[in-house]
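# Structural overview
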Amino acid sequence: MPLSVEEREQFLAEPHIGALAVAARDGRAPLTLPIWYQYTPGGELWVMTGRHSKKGRLIEAAGRFSLMVDRLEPTVRYVSVEGPVVRSEDATLERLREISARYLAADKVEEYVEFASRDHGEQAVYYLRPEHWYSSDLGSV
């Protein structure tokens, strides 16, 4: 059964690990990788990744991507969203802290931010405007 607009937006706002998919080139299947993301109901979704990574280069080239999140308990539920990249910007320590705090315990955030800012290279934030939604709650199968 599809989720209502409110249910799917609220589910997407929860801190799931997303599966980002972006068109690849040269006859390859889409590149699909796990990623942290941020979303506020009614707003834009954003992800942070290496500007010069394969994922970053493909997002720049395609100008759009999709993201799927799911869970198995207490019910099997998923939301998938796809749309255009409406803007990108250089990642900041503020954005890195925000996304890290969404997924890590509070006492681990600063250590991770220090590590990531030192070792991950130049990062970019890509903003997606949700255009197409797919969702379902399959109950407890």
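Residues numbered from 1 in each chain as written. Predicted model: local features only at pLDDT ≥ 70, side-chain atom pairs only at ≥ 80, totals over all residues. Heavy atoms only, no water.

## Overview of helix 4 (residues 109–119)
- All buried positions along helix 4 are accounted for by Val109, Val113 and Ala116. The arc that holds the buried residues of helix 4, viewed along the axis, is 75°, so those residues lie on one side. Those residues of helix 4 that are exposed and aimed more than 90 degrees away from the buried face are Glu111, Glu114 and Arg118.
- Residues of helix 4 that are buried in the fold lie against helix 3 (93–103).
- Downstream of helix 4 by a residue or two, glycine 121 has a phi angle that is positive, lying close to 75°. (Buried < 20%, exposed > 50% of the residue type's maximum accessible area, 1.4 Å probe, protein only. Helix = DSSP H or I, 4+ residues; strand = E, 2+ residues; numbered from the N terminus. Arc of directions from axis to C-beta. Contact = heavy atoms within 4.5 Å.)

## Quick notes on helix 2 (residues 54–62)
- When we look at burial in helix 2, the residues that qualify are Lys55, Gly56, Leu58 and Ile59. Down the axis of helix 2, the sector holding all buried residues measures 165°, keeping them to one side.
- For helix 2, the secondary structure elements touched by its buried residues are strand 1 (18–22), strand 2 (31–35), strand 4 (45–50), strand 5 (64–71), strand 6 (76–90) and strand 7 (123–128).
- Just downstream of helix 2 lies glycine 63, where phi reads positive at about 75°.

## Describing the packing of aromatic side chains
- For the structure shown, the criterion picks out five aromatic pairs.
- Both rings, one in tyrosine 39 and one in tryptophan 133, keep their centres 6.2 Å apart while their planes meet at 70°; by these two values the pair is edge-to-face. Linking tyrosine 39 in strand 3 (residues 37–39) with tryptophan 133 in strand 8 (residues 132–139), this pair joins segments that are 94 residues apart in sequence.
- For tyrosine 39, a relative accessible area of 3% gives the class buried.
- Judged by its relative accessible area of 18%, tryptophan 133 falls in the buried class.
- Pairing tryptophan 46 with tyrosine 127 gives two aromatic rings, centres 6.5 Å apart and planes at 45°, and the pair type is tilted. (Phe/Tyr/Trp six-rings, centres within 6.5 Å; stacked < 30°, edge-to-face > 60°.)

## Topic: the pattern of salt bridges
- Overall, the coordinates contain twelve salt bridges when judged by the stated rule.
- Between arginine 95 and glutamate 98 there is a salt bridge, with its nearest N and O atoms 2.6 Å apart. With arginine 95 and glutamate 98 both in helix 3 and three residues apart, this pair spans about one turn of that helix.
- The partner of arginine 118 in a salt bridge is aspartate 119, with the nearest N and O atoms 3.1 Å apart.
- Assessed through its relative accessible area of 54%, arginine 118 is described here as exposed. (Salt bridge = Lys/Arg side-chain N within 4 Å of Asp/Glu carboxyl O.)

## A closer look at a positive patch on the surface
- On the surface, Arg25, Arg28, Lys54 and Arg57 cluster together into a patch of positive charge.
- Turning to its location among the elements, lysine 54 is positioned in helix 2.
- The exposure class assigned to lysine 54 is partly exposed, which follows from its relative accessible area of 42%. (Patch = residues over 30% accessible without salt bridge, like charges linked within 9 Å, V, L, I, M, F, W, Y side chains within 5 Å. Areas by Shrake-Rupley, 256 points an atom, 1.4 Å probe, with all protein chains shown as cover. Lys, Arg positive; Asp, Glu negative; His and termini not counted. Charge placed at Lys NZ, Arg CZ, Asp CG, Glu CD.)

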